[in-house]
Amino acid sequence: MYSRIIKLSILFILIPAIFGVGFGYALVNYLEIPDVKQLETYRPKSTTRLYADDGTLFSELFVEKRIPIPITEMPKHLRLAFIAIEDVRFYKHFGVDVRGIARATYKNILHRGITEGASTITQQLARNLYLTQQKSFKRKIEEAVLAIQIERSYSKDEILNMYLNLIYLGEGAHGVEAAAYTYFHKKAKDLTIPESATLAALTKSPSRLSPFKNHTKALERRNIVLKKMHQADFISRKDYSQALKESLNLAPFRAYEKKTGYFIEYVKQIFEEYVPDVQELYTTGLNIRTTINLKMTEFAYEAIEKGIQQYKERHPKVGEPPEVALVAIEIKTGDIKVIIGGRNFSASPYNRAVQAKRQPGSSFKPIIYLTALEQGLTPDYMLRDAPISFTNPWTKQIWQPKNYRNEYHGNVTMRKALELSLNTATVRLLEKTGLENVIDMAKRLHINSNFESNLSLALGTTETAPLDLACAYATFARGGVYLPPVVIKNITTIEGEEKYNDETQGEIVVAPEVAASLVDIMKGVIKKGTAHGAAKMPYFLAGKTGTTDDFRDAWFIGFSPELLCAVWIGYDKKINLGGKESGSTAALPVWIDFMSKALPLYPNEDFVF
């Protein structure tokens with residue numbers, strides 16, 4: 001009893017002395033205290049948010065994951081949760097809580113150690129903005145002086161607003177809005193009482209108490225916050241009892257990022273065209289509305305997984321399966337709905353849909369036929385399909401292009417030659433239309449490749465990126481009008497200022513009737529040609545398979561009037577897929593599986609040019 005009285009006496013003697021010495025020390029060193037008015041122009045690094053075509057938030061780009069919001073968008077119980085656990089007398093003190101210091105000092109003396117802190121919310125704000133985390137007497141005095149100055153310059157709600165937008169809450173999240181999305185996949189304004197308490201619980205140790213990493217400890221700490229809220233009369237007994245019963249219903253950790261990685265990387269690449277400083281993407285808190293369709297992306301990954309499994313069944317001894325690239329483009333807008341550049345972004349972020357140039361094989365042939373149609377030839381124009389050979393006048397080497405399976409059909413129409421993907425007939429057509437004319441057409445279609453004036457062009461030997469070829473096919477589908485691929489529709493700042501709005505203009509490449517003739521032929525590829533595996537699908541479709549001579553690359557690019565999908569399958573290294581792994585065997589099944597699920601999202605109408 002006597003020892004406690006002695007301790008209390010010492011305590012009440014020391015506290016005034018500490019404050020006297022402290023403030024005297026602070027005044028001597030006053031010039032080291034920054035001007036708190038800097039807060040008026042302070043702009044913390046903020047998170048850029050990516051939204052899907054339906055408005056779903058699917059990714060965040062940041063140096064510090066932060067989404068500043070006004071205090072009016074924070075529910076009262078969220079604000080009170082932080083006050084209850086961090087500074088219950090927040091609205092009653094002047095920046096430094098003398099009563100709180102006395103209480104904490106007393107408890108620390110009793111326990112012979114630091115068991116309780118006494119920093120107010122205002123002091124924590126001062127420390128986070130201006131000072132270091134180093135524990136020293138000098139820093140504590142500076143912190144106290146700054147807190148008092150902040151309180152004299154700003155209202156309590158302004159201080160609380162700054163605090164709740166700056167505080168680190170684990171998993172890279174700074175501020176309550178970013179944390180609400182990270183842990184619950186919702187906005188702060190939609191948080192429940194127990195969810196708000198969960199965020200407030202993280203202030204003690206964001207990493208150790210992360211509900212993703214330590215569910216039990218996070219729940220225990222949340223319940224302590226709820227108890228503090230009830231003891232402070234911030235919530236009723238009924239709300240307290242109900243909140244205790246609720247479990248931690250967390251959002252799937254990184255729910256979308258695993259399957260949207262390739263799309264996100266492409267957005268970053270395109271972003272540089274719209275904003276002078278690319279660092280703005282990570283620091284200024286932009287809202288970017290993109291074209292991605294999350295449901296279609298799921299469909300695409302399901303189709304790819306199924307296609308790879310089928311490949312393994314055909315090749316049971318294969319070690320590493322091939323890679324896959326898939327692009328889906330909305331015909332009428334040019335919007336990229338899906339872009340997948342490999343089987344697994346985490347394992348291989350190399351975007352094969354955009355960066356990898358591969359031989360397109362027979363999927364290049366429609367460009368030759370489009371050129372011929374523009375020159376006035378008709379789908380019924382006759383071509384000779386028979387063995388042919390060419391001798392290089394300089395090397396004397398003989399080149400003999402052959403048909404698949406060495407089957408020849410004699411005299412055939414242009415229509416049949418493309419439907420059956422006849423190589424020798426196409427080589428003869430290329431001779432007639434002229435190499436330079438075909439190369440010019442490819443360039444008009446914005447295919448960015450190093451073309452050589454060589455008849456092997458008829459067999460698709462010039463390497464091309466899947467996205468480039470997909471955009472060329474989309475031009476056929478929309479009646480000869482080229483639209484550049486679109487991934488960003490709109491960019492705004494947090495304040496709502498518009499920085500970019502998509503106003504893509506079409507470019508006429510060929511006349512509508514020419515494109516219509518080609519599409520009509522390409523319908524036959526599916527109805528009775530190399531892609532007849534898709535003939536049973538109840539939609540208006542056109543497309544073309546592609547296979548290289550050594551079975552290194554398998555393609556299928558097909559489209560309806562509404563949606564196009566391009567699929568490429570192959571290895572990064574110079575490894576072939578195996579005998580008979582043609583476009584119709586390897587790529588077409590993936591395309592069918594994806595389009596069967598995606599096409600019902602659009603009207604089922606025929607092509608109109």
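Not measured: the values here are computed from a predicted model. (Residues numbered from 1 in each chain as written. Predicted model: local features only at pLDDT ≥ 70, side-chain atom pairs only at ≥ 80, totals over all residues. Heavy atoms only, no water.)

Before going further, it helps to spend a moment on the nonpolar core. Ranked by internal contacts, the top residues of the largest apolar core, which has 85 residues, are I367, Y369, L445, F476, I488 and F559. Ignoring anything within four residues of it in the chain, the contact list for L445 reads I367, L370, A472, T475, F476, Y482 and V509. In terms of nonpolar packing, the next biggest core, distinct from the first, is built from 49 residues, I121, A173, A180 and Y240 among them. (Core = buried A, V, L, I, M, F, W, Y, C linked by side-chain atoms within 4.5 Å. Buried < 20%, exposed > 50% of the residue type's maximum accessible area, 1.4 Å probe, protein only. Contact = heavy atoms within 4.5 Å.)

What follows concerns unusual backbone geometry. Positive phi, normally seen in glycine, also occurs at N406, with a value near 60 degrees. Relative to the elements of secondary structure, N406 occurs in the loop between β10 (398-399) and β11 (410-413). (Helix = DSSP H or I, 4+ residues; strand = E, 2+ residues; numbered from the N terminus.)

Moving on to the pattern of salt bridges. When charged atoms on two side chains of opposite charge get close, those side chains can pair. Tallied over the full model, the rule gives 23 salt bridges. K597 is the salt-bridge partner of E302, the closest N and O atoms lying 2.8 Å from each other. Within this pair, whereas E302 is found in helix α13 (residues 294-314), its partner K597 is found in helix α20 (residues 583-598), the two being separated by 295 residues in sequence. Given the relative accessible area of 37%, E302 is considered partly exposed. Across the pair R352 and D572 runs a salt bridge, and its minimum N-O distance is 2.9 Å. A residue pair is termed long-range when its members are at least 10 positions apart, and R352 in the loop between β7 (336-340) and α14 (365-374) and D572 in the loop between β18 (563-570) and α20 qualify at 220 residues. Accessibility expressed as a relative area gives 42% for D572, which makes it partly exposed. (Salt bridge = Lys/Arg side-chain N within 4 Å of Asp/Glu carboxyl O.)

So, about the packing of aromatic side chains. By the definition in use, this model includes twelve aromatic pairs. For the pair F90 and Y91, a centre-to-centre distance of 5.0 Å together with 75 degrees between the ring planes defines the contact as edge-to-face. Overall, the relative accessible area of 0% leaves F90 in the buried class. Connected via pairs of aromatic rings, a cluster forms that spans Y473, F476, F559, F607 and F609. (Phe/Tyr/Trp six-rings, centres within 6.5 Å; stacked < 30°, edge-to-face > 60°.)

A few words now on the side chain of N423. Structurally, N423 is set in helix α16 (residues 423-433). For N423, a relative accessible area of 9% puts it in the buried group.

By the bridge criterion, three bridges tie strand β13 (residues 488-492) to strand β14 (residues 498-501) in an arrangement that is antiparallel. From the neighbouring strand, I491 faces β14, where its bridge partner is Y500. From the end of β13 to the start of β14, which pair antiparallel, there are five residues, and G496 there has a positive phi angle of about 95 degrees. (Pairing = 2+ DSSP bridges.)

Pairing is mixed in the open sheet, where five strands are placed in the order β2-β1-β5-β13-β14. In the strand order of this sheet, the two ends are held by β2 (57-61) and β14, each with one partner. Pairs of neighbouring strands in the sheet enclose a mean axial angle of 15 degrees, with direction left out of account. One ladder, built from four bridges, connects strand β5 (residues 287-290) with β13; its direction is antiparallel. Across the sheet, R289 pairs through a bridge with N490, a residue of β13. Running at roughly 130 degrees to β2, helix α7 (residues 176-184) makes contact with β1 (48-51) and β2 of the sheet. (Axes fitted to C-alpha atoms, helices over the stretch in contact; angles between N-to-C directions.)

Now for the side chain of S421. One can find S421 in the loop between α15 (414-419) and α16. When sequence neighbours within four positions are dropped, the list of residues in contact with S421 reads S362, K365, T530 and K544.

With that settled, the discussion passes to helix α17 (residues 435-444). Residues of α17 that are buried include every one of L435, V438, I439, M441 and A442, and no others. Considered in projection along α17, the buried side chains sweep an arc of 155 degrees and stay on one side of the axis. Away from its buried face by more than 90 degrees, α17 exposes E436 and K443. Positive backbone phi, at 65 degrees, marks H446, one or two positions downstream of α17. (Arc of directions from axis to C-beta.)

Of all eight residues that make up β18, eight are buried, and the element is covered over most of its length. Both faces of β18 are covered, namely the face carrying L563, C565, V567 and I569 and the face carrying L564, A566, W568 and G570. The pairing of strand β17 (residues 553-559) with β18 spans seven bridges and is classified as antiparallel. Directly across from F559, in β18, lies its bridge partner L564. Where β17 folds back onto β18 in an antiparallel hairpin, the turn is made up of three residues.

Pairs of packed helices are described in terms of their axes, by the angle between the two and the distance that separates them. Taken N-terminus to C-terminus, the directions of helix α2 (residues 76-86) and helix α9 (residues 215-231) make an angle of 95 degrees; their axes are 9 Å apart at the nearest point. Here α9 runs roughly perpendicular to α2, going by the angle between their axes. Where α2 abuts α9, its residues H77, L80, A81, A84 and I85 lie against R221, I224, V225, K228 and M229. Residue composition of the contact of α2 with α9, grouped by class: seven nonpolar, one polar and two charged. (Parallel < 35°, antiparallel > 145°, perpendicular 65-115°, else oblique. Nonpolar A, V, L, I, M, F, W, Y, C, P; charged D, E, K, R; others polar.)

With 86% of its residues at a pLDDT of 70 or more, the protein chain has an overall mean of 87. Low confidence marks residues 1-15, where pLDDT is under 50. Its contacts with residues over four positions away, or in another chain, come to nine contacts. Note that residues 17-31 has pLDDT below 50 and, in this model, eleven contacts with residues that lie over four places away or in other chains. (pLDDT = per-residue confidence, 0-100.)

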